[in-house]
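Listed below, chain by chain, are the residues.
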Amino acid sequence: SKKSGPDLRSPICCILGHVDTGKTKLLDCIRRTNVQEGEAGGITQQIGATYFPTENIRERTRELKADATLKVPGLLVIDTPGHESFANLRSRGSSLCDIAIVVVDIMHGLEQQTIESLNLLKSRNTEFIVALNKVNGYNFTINENYTYFFCTKFSCKFLTCMCVYIFPIFKVDRLYGWKSCPNAPIAKTLKQQSNDVMNEFNMRLVQVSTVETLMNSSLYYLSGLNTALYYKNREMGETFNIVPTSAVSGEGIPDLLLLLVQWAQKTMEDKLTFVDEVQCTVLEVKVIEGLGTTIDVVLVNGVLHEGDQIVVCGMQGPIVTSIRALLTPHPMKELRVKVIL
Ligand code: GTP
Ligand code: MG
Ligand code: NA
C-alpha cells in the first residue's frame, strides 16, 4: 500500500457509560450483530472486545468523504458493563484504552456511572468522545415522561394504570417526532427535523454540555469538562466532542467512527506508532474444553508466535509458560461470542 508516515497500530477504544445507555447496542449496530439481545436481562456482565478493520470503517463513513484520512489498520473496541457493581471492569477497560466513547442517554443526561467513567478517564488523561444516544427509534419500555404527563393531567388511578400498562406500547423513543434517516451522518439527519424536535434536541444538548449540570447532579467532582456538538466545536481538545447517535437507526454512527479514528490519529501519533516490543494485557482467564486454560489478551504492540515463552502474573507469583495456540477472534465479531472449533 502507498502508506506515508509512521506505521500505525490500531487504536484501542473503550466504551463506557451508565447502565442501559446503549453501549452494546451501538456496537451491535456497527457490527450488524445482535449481542445485546442475547445478554441475560439485557445487562452486560463482562468485558467484550471487537476488532473493526479500516475497510469496514471506510464503508460506514463513506458519506462523510474522508477516505484518505484513515491511516490506522483498524480499531479495537472494548465494551464494558454500565451496572454499578462492575466498577472494576470499567476501571480495567479504561486503563488499557487509548481513547474512549462515553455513551449518554439523551433523555436521561449524565447519570451516576457516566460520571464515574468520566472521572476515570480524567484521572488518566484519556481522550474521549461523548455519544449522545437514543435520538430516535421505537422502544417498548415505559416512557416515564409520557406516564407522568398523563398522571398529572388526569390524576386518576385508573388512568395511571392504563398509562403504565398500555401506553408503553405507543411509546415513541426518544425525541418525539424524530424523522429517521438510517445510517446517515448526523448533520444530514438534523436538517430534516422539525422545529419542535430541534428545540427539544437543543435543550437536551445544553443539559449535558454544561459543567454546572455535572457538578450539581452528583457527589463526584468533575471540574473543567466542557462539551459541544462536534462539528460546531471550535476548540477541540479543550472542549470535548458530542456526537448524537441512534443505535437503532445508525444515525450518527459514521460521524462517531470517523471522529474516533481522526482524533486518535491527530492527538496520539507517537503512542500509536507500532513498535516491535511486545506489549500485551490480559483481559480474562478461562478454561475452554479441549484447550485447557486460555487467556484473552489485548496485544497492543509487537507480534506473538506459537511456541513463544511468556510470563504472566499469577496469584502465587509469576507463571512461566509457552504459547500452545493462538486464536484470533473474527473481525466484526464480539470476543464473548463462543468460537466453535
Ligand atoms: P449495560 O451494558 O448493561 O450497561 O447496557 P448498555 O449500555 O450496553 O445498553 P444496551 O445496549 O443493553 O441497551 C439498553 C436498551 O436500550 C436496550 O433495550 C436497547 O434496545 C435500547 N437502546 C440502545 N440504544 C438505543 C437507541 O439508540 N435508540 C433506542 N430507541 N433504543 C436504544
Ligand atoms: Mg452493554
Ligand atoms: Na443493557
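What counts as what
- Residues numbered from 1 in each chain as written.
- Chains lettered and ligands numbered in written order.
- Predicted model: local features only at pLDDT ≥ 70, side-chain atom pairs only at ≥ 80, totals over all residues.
- Heavy atoms only, no water.
- Helix = DSSP H or I, 4+ residues; strand = E, 2+ residues; numbered from the N terminus.
- Buried < 20%, exposed > 50% of the residue type's maximum accessible area, 1.4 Å probe, protein only.
- Contact = heavy atoms within 4.5 Å.
- Areas by Shrake-Rupley, 256 points an atom, 1.4 Å probe, with all protein chains shown as cover.
- Phe/Tyr/Trp six-rings, centres within 6.5 Å; stacked < 30°, edge-to-face > 60°.
- Salt bridge = Lys/Arg side-chain N within 4 Å of Asp/Glu carboxyl O.
- Donors = N, O, S within 2.8 Å, 3.2 Å for Na, K, Ca; no water.
- Expected span 1.5 Å × (residues − 1).
- Core = buried A, V, L, I, M, F, W, Y, C linked by side-chain atoms within 4.5 Å.
- Pairing = 2+ DSSP bridges.

**Student:** Sorry, what's going on with the overall build of the chain here?
**Tutor:** A tally of helices and strands in the chain yields 11 helices and 11 strands. Out of the 341 residues in the chain, the part that is buried amounts to 47%. Of the contacts made within the chain by residues no fewer than 6 positions apart, 69% connect residues no fewer than 24 positions apart. Put simply, the chain shows about 18100 Å² of open surface, and 55% of that area lies on carbon and sulfur atoms.

**Student:** Got a minute to help me understand the packing of aromatic side chains in this structure?
**Tutor:** Given two aromatic rings, one states the distance between the centres and the angle between the planes to describe the pair. Applying the stated rule across the entire model yields two aromatic pairs. For the ring pair Tyr-230 and Tyr-231, a centre distance of 5.5 Å and an interplane angle of 90 degrees mean the geometry is edge-to-face. You can call Tyr-230 buried: its relative accessible area is 15%.

**Student:** How should the pattern of salt bridges be read in this particular structure?
**Tutor:** If charged atoms from side chains of opposite charge come close, those side chains can pair. Applying the stated criterion to the full structure yields 12 salt bridges. Here Asp-105 ties to Lys-134 by a salt bridge, and the two come within 3.4 Å at their closest N and O atoms. One end of the pair, Asp-105, is in strand β4 (residues 99-105); the other, Lys-134, is in the loop between β5 (127-133) and α5 (144-154), and 29 residues separate them in sequence. In this pair, the class of Asp-105 matches that of Lys-134, namely buried. Through salt bridges that share partners, Arg-9, Asp-98 and Lys-271 make up one connected network.

**Student:** It is not clear to me how the coordination of the magnesium ion (ligand 2) should be interpreted in this structure. Could you clarify?
**Tutor:** For a metal bound by four donors in a tetrahedral arrangement, the ideal donor-metal-donor angle is 109.5 degrees, while six donors in an octahedral arrangement ideally sit at 90 or 180 degrees. Bound to the magnesium ion (ligand 2) are the protein donor atoms Thr-24 (OG1) and Thr-44 (OG1), situated 2.0 Å from the metal. Between the magnesium ion (ligand 2) and the sodium ion (ligand 3) the interatomic distance comes to 4.5 Å. Taken as a pair, Thr-24 in helix α1 (residues 23-31) and Thr-44 in the loop between α1 and β2 (48-53) lie far apart in primary sequence, 20 residues in all. Thr-44 sits in the buried class, given a relative accessible area of 8%.

**Student:** Can you help me understand the coordination of the sodium ion (ligand 3) in this one?
**Tutor:** At the metal site, the sodium ion (ligand 3) is ligated by Asp-20 (OD) and Gly-42 (O), and these contacts range over 2.2 Å. The exposure class assigned to Asp-20 is partly exposed, which follows from its relative accessible area of 47%.

**Student:** Can you help me understand helix α4 (residues 112-123) in this one?
**Tutor:** Turn by turn, an α-helix covers 3.6 residues, leaving residues three or four places apart pointing in a common direction. In this model, α4 (12 residues) spans 17 Å end to end at C-alpha, consistent with the 16 Å of a helix rising 1.5 Å per residue. For α4, the tally of buried residues reaches nine of 12 residues, placing the bulk of the element in the interior. Residue Asn-125 follows α4 closely and has a positive phi angle near 60 degrees.

**Student:** Would you mind going over unusual backbone geometry with me for this structure?
**Tutor:** With the exception of glycine, the majority of residues adopt a negative phi angle, and the majority of peptide bonds are in the trans configuration. Its identity as a non-glycine residue notwithstanding, Lys-65 has a phi of 50 degrees, on the positive side. Along the chain, Lys-65 turns up in the loop between α2 (54-60) and β3 (74-79). Backbone geometry at Asn-125 places phi at a positive 60 degrees, although glycine is not the residue there. Within the element layout of this structure, Asn-125 appears in the loop between α4 and β5. Judged by relative accessible area, Asn-125 falls into the exposed class, the value being 71%.

**Student:** Looking at this model, I keep getting lost on the nonpolar core. Mind explaining?
**Tutor:** Within soluble globular proteins, side chains that are nonpolar tend to cluster in buried spots. Membership of the largest hydrophobic core comes to 73 residues, with the highest contact counts inside it found for Ile-12, Phe-52, Leu-75, Ile-101, Phe-128, Phe-201 and Val-298. The element contributing the most residues to this core is helix α10 (residues 253-267), with nine residues. Among residues more than four places away in sequence, those in contact with Phe-201 are Ile-106, Val-135, Leu-175, Leu-190, Leu-229 and Pro-244.

**Student:** What is the right way to read the pairing of strand β8 (residues 279-288) from this model?
**Tutor:** The two faces of the sheet receive side chains in turn, since in a regular strand these alternate between them. Bridge analysis of β8 against strand β9 (residues 292-301) gives nine bridges, and the strand direction is antiparallel. Bridging across to β9, Val-287 finds its partner in Thr-293. Connecting β8 to the next strand, β9, in antiparallel fashion are three residues, including Gly-290 with a positive phi near 90 degrees.

**Student:** Would you take a moment to explain the environment of Glu-251 for this structure?
**Tutor:** Here Glu-251 lies in the loop between β7 (240-244) and α10. Given a relative accessible area of 0%, Glu-251 falls into the buried group. Distance from Glu-251 to Asn-136, taken between C-alpha atoms, is 8.7 Å for residues 115 residues apart in sequence. If near-sequence neighbours (up to four positions away) are discounted, Glu-251 is found in contact with Asn-136, Trp-178, Lys-179, Ser-180, Cys-181, Asn-183, Ala-184, Thr-189, Pro-244, Thr-245 and Ser-246.

Taken by themselves, the reported measurements are silent on function.
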